[in-house]
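Here is how the chains run, residue by residue.
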Amino acid sequence: ETGVTQTPRHLVMGMTNKKSLKCEQHLGHNAMYWYKQSAKKPLELMFVYSLEERVENNSVPSRFSPECPNSSHLFLHLHTLQPEDSALYLCASRKHIGGLRSYEQYFGPGTRLTVT
Amino acid sequence: GQQLNQSPQSMFIQEGEDVSMNCTSSSIFNTWLWYKQDPGEGPVLLIALYKAGELTSNGRLTAQFGITRKDSFLNISASIPSDVGIYFCAGQLWGSRLTFGEGTQLTVNP
């Protein structure tokens, strides 16, 4: 599946910068997720949006701010990040309709973020 | 919270060999998913399992939902160089979040 796109693919930013990550899904899904992937660690769920409403905020620092303007788009706004925030940020989506296949999440290619 | 133990952490095999990896959970799941992640890319869904005892294949890949509902297995037969990557299991109890294992790094030597 290549139905989830993310931009940019790579981002280098200073600790005082403000940037945004974008995710777009073309699968007709209505739930979207942000994950953080650091080396040697399991995927960490950051935020969940279902039907454009944030349903989960997994104790993420306020320097990360999500936005979901519609069911196809998801943003992650970044400001005053720390070097330990450097990681691969993955977006995922699924069809929240009930039934077995609605548990399958499909991922984008990720944004490799480096904070200097 | 739920924890997943995935093993082995890494594998180094020769092309043509079969591969087995597994995940075990401290609690039961209703769904098991297996993903593969290539370097610099996001995880790609390989196989989804929804019933205890279920055995599902996708080409050379076969996955099983353990009958205790606390484990799952992935086998790759006749490995080829493009099988290189990180394989993740993920389990979910309906109504709860998807929980991921730490991944198995597979290296295939030609």
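This text goes with the structure placed above it.
From a predicted model like this one, the values you see are computed outputs, not experimental measurements.

**Student:** Account for the overall build of chain B, with residues named and values stated.
**Tutor:** A tally of helices and strands in chain B yields zero helices and 11 strands. The helix and strand sequence of chain B, counted from the amino end, reads β-β-β-β-β-β-β-β-β-β-β. The principal-axis extent of the C-alpha atoms belonging to chain B is close to 40 × 25 × 20 Å. Sorting the 110 residues of chain B into buried and exposed places 45% on the buried side. Sequence-distant contacts in chain B: of pairs separated by 6 or more residues, those separated by 24 or more amount to 53%. When the accessible surface of chain B is summed, it comes to about 5,000 Å², and 51% of that surface belongs to carbon and sulfur atoms. On chain B, the mean spot of the 6 positive side-chain charges and the mean spot of the 9 negative ones are 14 Å from each other.

**Student:** How would you explain the pattern of salt bridges if you had to name every residue and give the values?
**Tutor:** All names here are of chain B. Following the criterion strictly, the structure yields five salt bridges over all chains and no others. Between Asp38 and Lys36 there is a salt bridge whose closest N-O contact spans 3.2 Å. Looking at Lys36, the relative accessible area reads 13%, which means it is buried. Close ionic contact of Arg60 with Asp83 constitutes a salt bridge, the shortest N to O distance being 2.8 Å. A residue pair is termed long-range when its members are at least 10 positions apart, and Arg60 in the loop between strand S6 (55-58) and strand S7 (61-65) and Asp83 in the loop between strand S8 (71-76) and strand S9 (85-92) qualify at 23 residues. Using a relative accessible area of 5% as the deciding quantity, one classes Asp83 as buried.

**Student:** Account for the state of the cysteines, with residues named and values stated.
**Tutor:** Enumeration over the complete set of coordinates arrives at two disulfides over all chains. One disulfide bridge connects A:Cys23 with A:Cys91, the sulfur atoms lying 1.9 Å from each other. When the S-S torsion is -70 degrees, as for the bridge of A:Cys23 with A:Cys91, the disulfide is left-handed. Of the two residues, A:Cys23 sits in strand S3 (residues 18-25) while A:Cys91 sits in strand S9 (residues 87-94), which places them 68 residues apart along the sequence. Exposure class is identical for A:Cys23 and A:Cys91. Each is buried. Across the disulfide, B:Cys23 is cross-linked to B:Cys89 (sulfur-sulfur distance 1.7 Å). With the S-S dihedral at roughly -85 degrees, the linkage between B:Cys23 and B:Cys89 falls on the left-handed side. Of this pair, B:Cys23 sits in strand S3 (residues 19-25) while B:Cys89 sits in strand S9, placing them 66 residues apart in sequence.

**Student:** Run through the side chain of B:Asn30, naming residues and quoting values.
**Tutor:** Residue and element names in this part refer to chain B. The residue Asn30 is located in the loop between S3 and strand S4 (31-37) in this model. Its relative accessible area of 13% is what places Asn30 among the buried residues. Filtering out sequence-adjacent residues up to four positions away, Asn30 remains in contact with Leu49, Tyr50, Phe65, Arg69, Gln92, Leu93 and Trp94.

**Student:** Describe the environment of A:Leu78, with residues and values.
**Tutor:** All names here are of chain A. With respect to the helices, strands and loops of the structure, Leu78 is situated in strand S8 (residues 73-79). Overall, Leu78 belongs to the buried group, its relative accessible area being 1%. Excluding residues within four positions of it along the chain, Leu78 makes contact with Leu11, Met13, Asn17, Lys18, Lys19, Leu21, Arg63, Phe64 and Leu113.

The rules we used
- Residues numbered from 1 in each chain as written.
- Chains lettered and ligands numbered in written order.
- Predicted model: local features only at pLDDT ≥ 70, side-chain atom pairs only at ≥ 80, totals over all residues.
- Heavy atoms only, no water.
- Helix = DSSP H or I, 4+ residues; strand = E, 2+ residues; numbered from the N terminus.
- Buried < 20%, exposed > 50% of the residue type's maximum accessible area, 1.4 Å probe, protein only.
- Contact = heavy atoms within 4.5 Å.
- Areas by Shrake-Rupley, 256 points an atom, 1.4 Å probe, with all protein chains shown as cover.
- Lys, Arg positive; Asp, Glu negative; His and termini not counted.
- Charge placed at Lys NZ, Arg CZ, Asp CG, Glu CD.
- Salt bridge = Lys/Arg side-chain N within 4 Å of Asp/Glu carboxyl O.
- Disulfide = S-S within 2.5 Å.

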